[in-house]
Amino acid sequence: MTDVLHAPPEVGGGRLSLVPLGGLGEIGRNLMAIECNDDIVVVDGGLMFPEQEMLGIDLVIPDISWLLERAQRVRGIVLTHGHEDHIGGLPYILPRLPVPVYGTSLTLGFLRSKLKEHGLLDSTESHVVRAGDTVELGGIAVEWIHTTHSIPDACALAIRTALGTIVHSGDFKLDHTPINGEPPDLARLARIGDEGVLLLLSDSTNAESEGTTPSERQVGEGLSPIFATSAGRILMATFASNISRLQQAFDCAEEHNRRSLVVGRSMLNNVATAQELGFLKVAPGSLLWPRQLDGLSADRVLIVCTGAQGEPLSALTRIAAGEHPIVQLQSGDTVIISANPIPGNEELVHRTINRLYRQQVKVLNGSRHKVHASGHASREELKLLIALTRPRYFVPVHGEYRHLAIHAELARAVGLPPERVLAVDNGSILSVDADGIRPTGTRVPAGFVYVDGLAIEEAGDVVLRDRVHLAQDGVIVVVVAVERSTGAVVAGPDLISRGFVEDSAHEQLFEAAREEALKAVSRLAPDAEWTVWQAAIHDRLAQLLYQRTRRRPMILPVITEV
Ligand SMILES: [Zn+2]
Ligand SMILES: [Zn+2]
């Protein structure tokens, strides 16, 4: 009997390292750098939505200092698919690391609409690839392989290096009856397996789920009876990027003689992009404008919106709170939440659901009501991918540490030698060669980078965000008196806080904050603008206070000239 798992491919010469900067040990902000000899290729550049204790923070992105120090050697960013946790960080990363970006049509469609909003479209070099294409990036060649996920046009990658081929699964499930496009290209994965795979990096999100993940098509089967039996309006919340889900909702609406209103800017953008690129098919005239809503009877209306995760500023959350400018709930409404809470978001989602029930509407949510199917592979699918690719080494990616550890166990259980399987966190560099795969012991910065105030969903949100911010974490006013001609601090910094922490109990913290504020301004050129002073104080204090208290008070630096 030949045991392929024990006859792994030859390993070429050279130096190969993996540098995970996001998505390992957490859900979100996926970014993996692959360094082979002189070349670095980056897989994905995602964001993470803030955890509850980070209120007031809009987004969290990976720390890319390791890449910036080697910017000359970064040949490009290759994208697996168009979800926020894979492309959402790029508008903040690309200005600092302006390298070419490669991805499939829908993935780049979503990215380009983000870049446009950030004024980065013209300065970014981006190339559309198709499944089957290979792009040479220095000494590294990347091939896109068609897979299936909860967004169309998702791909796995075969990354060919001097030492051997790395297969990166991207996010995937093996959906043999997808809503858009072809089933996953298992044949190609198997052929790459035949050629020999040095290392498999595989999606761990559902490593705890037994069996196989239901097809997207099953969601349609869950939605159809709801559309058939609801007499009132139907509201459906899902991810703005879940084009397959939107397609099924629009199809059901059409079948049951409803017209659809899309609410939320991100969802409107995505619908427009996906329609333009042919990934979403909507009958002419079936989409509504908000002002057409009143003229239609309740049983003719479908409203699709964002907010399936209970995100504080999203459409559904505001609708549930009775604070949405366009949509107010009415009796007889049915609300479908076509998602399961991402770990960490449960409380927010439950808060929204409680509010919905209070408003006397019917609520159907998650896989419990068959209105959601996960986009991630369960254990049997994960095993199949390992069997098809037969890698020499295995590193689980995309998941909290528990998911990674369980996925590693699974890989060992299907026959990979224990020492060739490794679960690691963000920031831990792995070196790979013929002798094995191991952490180099070097840790690179891979902490949270916060984006505060740059990604605003809709007009009016700034005020709302400030309100939430103040209510949650309070405010600190930092007063510094500066002599304009010399830039010398002549008084302060004085700190005044309200609703943050009790001043007397945190004397040390305030002392440290004062010192930090002084340090922040001492490095500035004397003729720097006051806004630069303010930003310097704000950033240093935000960092310090968050580190010490896990809270993010609003910080208002006030500079007075003397
Ligand atoms: Zn995804
Ligand atoms: Zn993902």
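Provided above is the structure to which this section pertains.
Residues numbered from 1 in each chain as written. Chains lettered and ligands numbered in written order. Predicted model: local features only at pLDDT ≥ 70, side-chain atom pairs only at ≥ 80, totals over all residues. Heavy atoms only, no water.

**Q** Mind showing me how you'd approach the coordination of the zinc ion (ligand 2) here?
**A** Note on metal geometry: ideal angles are 109.5 degrees for four donors arranged tetrahedrally and 90 or 180 degrees for six donors arranged octahedrally. Donor atoms from the polypeptide that bind the zinc ion (ligand 2) are Asp85 (OD), His86 (NE2) and Asp171 (OD), placed at 2.0 to 2.2 Å. The two metals, the zinc ion (ligand 2) and the zinc ion (ligand 1), are separated by 3.4 Å and share Asp171 as a common coordinating residue. You can see Asp85 sitting in helix 2 (residues 84–87) and its partner Asp171 sitting in the loop between strand 11 (164–168) and helix 5 (186–195), a full 86 residues away along the chain. Residue Asp85 is classed as buried on the basis of its relative accessible area of 18%. (Donors = N, O, S within 2.8 Å, 3.2 Å for Na, K, Ca; no water. Helix = DSSP H or I, 4+ residues; strand = E, 2+ residues; numbered from the N terminus. Buried < 20%, exposed > 50% of the residue type's maximum accessible area, 1.4 Å probe, protein only.)

**Q** What exactly am I supposed to notice about the sheet that holds strand 14 (residues 259–263) here?
**A** Sheet strands line up and pair through hydrogen bonds in the backbone, either parallel or antiparallel. Here we have five strands laid out as an open sheet, ordered 14-15-13-16-17, and parallel in their pairing. Looking at the sheet topology across the chains shown, the edges are occupied by strand 14 and strand 17 (362–365). Put simply, the sheet's adjacent strands are angled 20° from each other on average, direction ignored. One ladder, built from four bridges, connects strand 13 (residues 234–237) with strand 15 (residues 301–305); its direction is parallel. By the bridge assignment, Ile234 is partnered in strand 15 with Leu302. Where helix 7 (residues 243–255) meets the sheet, it contacts strand 13, strand 14 and strand 15, and its direction lies at approximately 170° from that of strand 15. Where helix 8 (residues 265–276) meets the sheet, its contacts fall on strand 14 and strand 15, and the angle it forms with strand 14 comes to roughly 120°. (Pairing = 2+ DSSP bridges. Axes fitted to C-alpha atoms, helices over the stretch in contact; angles between N-to-C directions. Contact = heavy atoms within 4.5 Å.)

**Q** Help me out: how do you make sense of the coordination of the zinc ion (ligand 1) in this one?
**A** Listed as protein donors to the zinc ion (ligand 1) are His81 (NE2), His83 (ND1), His149 (NE2) and Asp171 (OD); their distances from the metal cover 2.1 to 2.4 Å. Coordination at the zinc ion (ligand 1) comes from four donor atoms whose angles at the metal span 89 to 164°, giving a geometry best classed as irregular. On the primary sequence, the residues serving as donors to the zinc ion (ligand 1) are separated as H-x1-H-x65-H-x21-D. (Tetrahedral: all angles 85-135°; square planar, octahedral: opposite > 155°, others 65-115°.)

**Q** Quick question: what am I supposed to make of the sheet that holds strand 7 (residues 126–128) here?
**A** Strand order in the open sheet formed by eight strands is 7-6-5-3-2-1-19-20, with mixed pairing between adjacent strands. In this open sheet, the two edge strands, each paired with only one partner strand, are strand 7 and strand 20 (436–443). Strand-to-strand, the axes of this sheet are offset by a mean angle of 25°, without reference to chain direction. The pairing of strand 1 (residues 16–22) with strand 2 (residues 31–36) spans six bridges and is antiparallel. Within strand 2, the position partnered with Val19 by the bridge is Ala33.

**Q** Please explain unusual backbone geometry as it appears in this structure.
**A** Most peptide bonds are trans, and most residues other than glycine sit at a negative phi. The omega torsion of the bond from Gly492 to Pro493 falls at 0°, within 30 degrees of zero and hence cis. Structurally, Pro493 is set in strand 23 (residues 488–498). With a phi angle near 65°, Asp153 is a residue other than glycine that sits in the positive phi range. With respect to the helices and strands, Asp153 occurs in the loop between strand 9 (140–146) and strand 10 (155–161).

**Q** Please clarify how the environment of Ser113 should be interpreted in this entry.
**A** Positionally, Ser113 belongs in helix 4 (residues 105–117). Of note is the side chain of Ser113, whose polar atom sits 3.2 Å from the backbone oxygen of Phe110. (Polar contact = N/O pair within 3.5 Å; in protein donor to acceptor, adjacent residues only side chain to side chain.)

**Q** Teacher, can you tell me more about the nonpolar core here?
**A** The tendency in soluble globular proteins is for nonpolar side chains to be buried as a group. Counting 57 residues, the largest nonpolar core has Leu18, Val78, Val142, Trp144 and Leu199 as the members making the most contacts within it. Beyond its immediate chain neighbours, meaning those up to four positions away, Leu18 contacts Met32, Ala33, Ile34, Ile166, Leu199, Leu201, Val395, Ser428, Ile429 and Leu430. Counting 56 residues, the second-largest nonpolar core is a separate cluster that includes Ala33, Ile40, Ala240 and Leu246. (Core = buried A, V, L, I, M, F, W, Y, C linked by side-chain atoms within 4.5 Å.)

**Q** Would you mind going over empty space enclosed by the protein with me for this structure?
**A** Taking a probe equal in size to a water molecule and rolling it over the atoms shows the remaining empty space. Applying the stated rule across the entire model yields two cavities of 30 Å³ or more. Considered as a void within the structure, the largest cavity measures approximately 60 Å³ in volume. Looking at the largest cavity, the residues that line it are Gly22, Leu24, Asn30, Leu31, Met32, Val43, Asp44, His168, Val397 and His398. Residue composition of the lining of the largest cavity, by class: five nonpolar, four polar and one charged. The volume enclosed by the second largest cavity comes to roughly 50 Å³. Around the second largest cavity, the lining residues are Thr147, Ala156, Val167, Ser169, Phe172, Leu174, Leu189 and Leu385. Taken together, the residues of the lining of the second largest cavity break down into six nonpolar, two polar and no charged. (1 Å grid on protein atoms, 1.4 Å probe; cavity = no way out; pocket = protein on both sides within 12 Å on 5 of 7 lines; lining within 4 Å. Points joined across faces, edges and corners; volume = space filled by probe spheres on them. Nonpolar A, V, L, I, M, F, W, Y, C, P; charged D, E, K, R; others polar.)

**Q** Explain the side chain of Asn30 here, please?
**A** Along the chain, the position of Asn30 falls in the loop between strand 1 and strand 2. In this structure Asn30 touches Gly22, Gly23, Val43, Asp44, Gly45, Gly46, Asp85, His86 and His398, once residues within four positions along its chain are discounted.

**Q** Would you mind showing me how to read the pairing of strand 15 here?
**A** Remark: a regular strand shows side chains that alternate across the two faces of the sheet. Burial of strand 15 is extensive: five of the five residues sit out of reach of the surface. The side-chain alternation of strand 15 yields two buried faces, one formed by Val301, Ile303 and Cys305 and the other by Leu302 and Val304. Two elements, strand 14 and strand 15, share five bridges in a ladder whose sense is parallel. Note on strand 15: the bridge partner recorded for Leu261 is Ile303.

**Q** I would appreciate a short explanation of the packing of helix 4 against helix 8 in the present structure.
**A** Packed helices, taken two at a time, are described by their axes: the angle between them and the distance between them. In contact at an axis separation of 10 Å, helix 4 and helix 8 are set at 130° when each is read in the N-to-C sense. Our classification of the angle between helix 4 and helix 8 gives oblique. Like other packed secondary-structure pairs, helix 4 and helix 8 cross with a definite hand, here right-handed. Residues Leu106, Gly109, Phe110, Ser113 and Glu117 of helix 4 lie in contact with helix 8, whose contacting residues are Arg265, Asn269, Asn270, Thr273 and Ala274. Broken down by class, the residue content of the contact of helix 4 with helix 8 amounts to three nonpolar, five polar and two charged. (Parallel < 35°, antiparallel > 145°, perpendicular 65-115°, else oblique. Left-handed = near helix turned anticlockwise from the far one by under 90°.)

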